[in-house]
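Each chain, written out:
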Amino acid sequence: MAKIKNPDEAVSSASSSEPDRGENGKPYNFFRGVFWNVTVVGIAAFTAPGLWNAMQSVGAGGQQTPYLVMACNSLLFALMTFTCMTGSILANRIGLKASFIFGTTGYVLYSAALYTNNRYGTVWFLYLGSAACGITAGVFWAAEGAIMLSYPEPESRGKYLAYWLAYRNGGSILGGAINLAFNYAGKKTGKLDWRTYIVFVALQCLGPAVGLLLSSPGKIRRRNGTRVQKIERISDLEEIKALLKLCVRKDFLLVLPYFLYVTWQLPYISAYLSLYFSVRARALASLVSALAQIAATLLFGSFLDYRRLSLRTRAISSYIFMMSLIGACWIWGTVIQVEYSKHKPALDWDDGGFGRGWALYIFWQVNFALTYNWGYWLVGFLARDAREIVRFTSVARAAEAAGQCISSGISSTSAPLTAALGVNFALWGIALLPAYFVVRQVGIIHVGVGGKSQVQEDNKSSEEHTDEEGVLAGGK
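No experiment lies behind these values; they were computed from the predicted model shown. (Residues numbered from 1 in each chain as written. Predicted model: local features only at pLDDT ≥ 70, side-chain atom pairs only at ≥ 80, totals over all residues. Heavy atoms only, no water.)

Enquirer: What is the right way to read the packing of aromatic side chains from this model?
Expert: Aromatic rings in a pair are described by how distant their centres are and how their planes are angled relative to each other. Tallying each qualifying case throughout the model produces 36 aromatic pairs. Residues Tyr115 and Tyr120 carry aromatic rings whose centres are separated by 6.2 Å and whose planes lie at 85° to one another, so their mutual orientation is edge-to-face. A network of ring pairs unites the aromatic residues Tyr268, Tyr272, Tyr276, Phe277, Trp330, Tyr340, Phe354, Trp358 and Trp364 as a single cluster. Looking at Arg157, its charged tip hangs above the ring of Phe381, at a distance of 5.6 Å from the centre. (Phe/Tyr/Trp six-rings, centres within 6.5 Å; stacked < 30°, edge-to-face > 60°. Lys NZ or Arg CZ within 6 Å of the ring centre and 35° of its normal.)

Enquirer: Honestly, the nonpolar core in this entry has me stumped. Any pointers?
Expert: Side chains of a nonpolar character, in soluble globular proteins, are inclined to be buried together. With 124 residues, the main nonpolar core has Trp164, Tyr258, Tyr272, Phe277 and Trp374 as its most contacted residues. Contact partners of Tyr272, with chain neighbours within four places excluded, come to Phe277, Ile336, Gln337, Tyr340, Gly357, Leu360, Tyr361, Trp364 and Leu417. (Core = buried A, V, L, I, M, F, W, Y, C linked by side-chain atoms within 4.5 Å. Buried < 20%, exposed > 50% of the residue type's maximum accessible area, 1.4 Å probe, protein only. Contact = heavy atoms within 4.5 Å.)

Enquirer: Explain the environment of Ala78 to me, please; I cannot follow it from the model alone.
Expert: Here Ala78 lies in helix H2 (residues 67-85). Its relative accessible area of 38% is what places Ala78 among the partly exposed residues. (Helix = DSSP H or I, 4+ residues; strand = E, 2+ residues; numbered from the N terminus.)

Enquirer: Quick question: what am I supposed to make of helix H11 (residues 250-276) here?
Expert: Each full turn of the α-helix corresponds to 3.6 residues, which orients residues three or four apart in the same direction. Helix length check: H11 (27 residues) gives 42 Å between terminal C-alpha atoms against 39 Å at 1.5 Å per residue, within 8%. The largest bend along H11 measures about 40° and falls at Leu256, with the proline Pro257 one to four residues further on. Buried residues dominate H11, accounting for 22 of its 27 residues. (Expected span 1.5 Å × (residues − 1). Bend = angle between axes of the 7 residues up to and from the residue.)

Enquirer: What am I meant to see in the packing of helix H5 (residues 107-120) against helix H8 (residues 195-204) here?
Expert: Helix-helix packing is characterised by the crossing angle of the two axes and by the distance between the axes. Packing of H5 against H8 leaves a shortest axis separation of 9 Å and a crossing angle of 165°. Our classification of the angle between H5 and H8 gives roughly antiparallel. As H5 packs across H8, the resulting crossing turns out to be left-handed. Only Tyr197, Ile198, Phe200, Val201 and Gln204 of H8 make contact with H5, whose side of the interface consists of Tyr107, Val108, Ser111, Ala112, Leu114, Tyr115 and Asn118. (Axes fitted to C-alpha atoms, helices over the stretch in contact; angles between N-to-C directions. Parallel < 35°, antiparallel > 145°, perpendicular 65-115°, else oblique. Left-handed = near helix turned anticlockwise from the far one by under 90°.)

Enquirer: I would appreciate a short explanation of empty space enclosed by the protein in the present structure.
Expert: It is a probe the size of a water molecule, rolled over the atoms, that shows where empty space is left. For the structure on display, the rule yields four cavities of 30 Å³ or more. Roughly 310 Å³ of volume is contained in the largest cavity. If you trace the largest cavity, you find 25 residues lining it, with Asn53, Gln56, Leu266, Gln365 and Phe368 closest to the centre. Breaking the lining of the largest cavity down by element, the ones donating at least two residues are helix H1 (34-57), H2, helix H7 (157-183), H11, helix H12 (279-304), helix H14 (354-382) and helix H15 (386-411). With five residues, H14 is the largest single contributor of residues to the lining of the largest cavity. Residue composition of the lining of the largest cavity, grouped by class: 11 nonpolar, 13 polar and one charged. Roughly 140 Å³ of internal volume is contained in the second largest cavity. Lining the second largest cavity are 17 residues; nearest its centre among them are Pro49, Trp52, Asn53, Phe77 and Trp141. Elements with a minimum of two residues in the lining of the second largest cavity: H1, H2, helix H6 (124-150), H11, H14 and H15. (1 Å grid on protein atoms, 1.4 Å probe; cavity = no way out; pocket = protein on both sides within 12 Å on 5 of 7 lines; lining within 4 Å. Points joined across faces, edges and corners; volume = space filled by probe spheres on them. Nonpolar A, V, L, I, M, F, W, Y, C, P; charged D, E, K, R; others polar.)

Enquirer: Just to check I follow, could you spell out the confidence of the model for the protein chain for this structure?
Expert: Do not read the fine detail of predicted coordinates wherever pLDDT is low. Across the protein chain, the average pLDDT comes to 83, with 84% of residues at or above 70. Note that residues 1-20 has pLDDT below 50 and, in this model, 75 contacts with residues that lie over four places away or in other chains. A low-confidence stretch, residues 457-469 stays under pLDDT 50, and its non-local contacts, those more than four residues away or across chains, total two contacts. (pLDDT = per-residue confidence, 0-100.)

Enquirer: Can you walk me through the environment of Tyr258 in this structure?
Expert: Here Tyr258 lies in helix H11. Overall, the relative accessible area of 1% leaves Tyr258 in the buried class. When the C-alpha positions of Tyr258 and Ala431 are compared, they lie 4.8 Å apart, and in sequence the two are 173 residues distant. In contact with Tyr258, not counting residues within four places along its chain, are Tyr319, Met322, Met323, Thr371, Trp374, Gly375, Ala431 and Ala435. Here the side chain of Tyr258 touches Thr371 through a polar contact of 2.7 Å, landing on its backbone oxygen. (Polar contact = N/O pair within 3.5 Å; in protein donor to acceptor, adjacent residues only side chain to side chain.)

The structure is reproduced here in structure tokens:
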């Protein structure tokens, strides 16, 4: 079958052994380098999902009760499940850059819809804005993930992922500061000041313009002289077949519960914050949780790239630490939730008993950031060839969107939060062991595109040792 030229030529993280200067003799171009383009992705993530997360981190999009917003979010993530799944098909057709820019366009409609609902009580626009955001955000999720796994060198991927997520959380920091500034006087439960949303709408309009600064994969040149490998585009039918084949692969099925869990927790913790804490306590939580997430992911990313430990050791130890922390927080959460269900509080930061329930929310947000960051890092080693980077990102993000869709649907009802917490705790337990079976093979079987397994490295070392012995024997 004849190959079709890709608009921006799909990507792989495999490096080519090219000299520091290109064929035309031009030196390294900063604006075609990894750092600049990861920064562009980060700034776009700041204006789009970063500010969206800021609104959600105050609980229920800043509304007084979570039920309408959670119903709309359920619609949003249902559509995202489909658009994430087809993200690799769209990227195969129009290219990663165009997909990325398109993905930034829907977030502003969601923010505008929250504004009209908060100020005027408009409901229909909130459903429309949620649908628009769901359609475009699914493409954005798939495209940004593929870019972040493809552009950096594999050995620097953990740090770059943390750097990118710092921008995402930077949106929450700015959003948290805005929330706190406008809502400092809100000592009781309720909704945010409507002026908060105007700033969010203005900032999110910048997303598509920022996306125009991104370089296509074929133009990227790393500082060490290597490039993102170019591959030809395939037909849409072939892409669909390959995508379906990936969905039934054993390693993907084993990590599927993990990716379902990653975002499943968010609607519950959002409802928890909105129902039990004052407006200004929620605004403070938005700011502090973002700062804590940035610090945690930077430290975690540095450990994931710590090359004095083997890849397998880093994978297993980071997974055990992360899942143990999450389990401990769900035990803590069970104690708090049972207490709050018996006597519903309305806690402000100067109330007794405020700290232990509020701090729990911060830990939950940190746990989300760690699972999100680590999941991307893992996908980079599960992809076996160039095209699988986009495909694996698409299906993983589709699983995350499906989990958040179902969880948002649960939180949109009047079901007790103890039930929602129980489902989260159970899903963590279900995901724990299957994912470990995959994690323990990282560095042995799962080495990513162009990587070498531990067996290959051992064989290479053995051959070199044998050759040295032969040379010494010949010299006697």
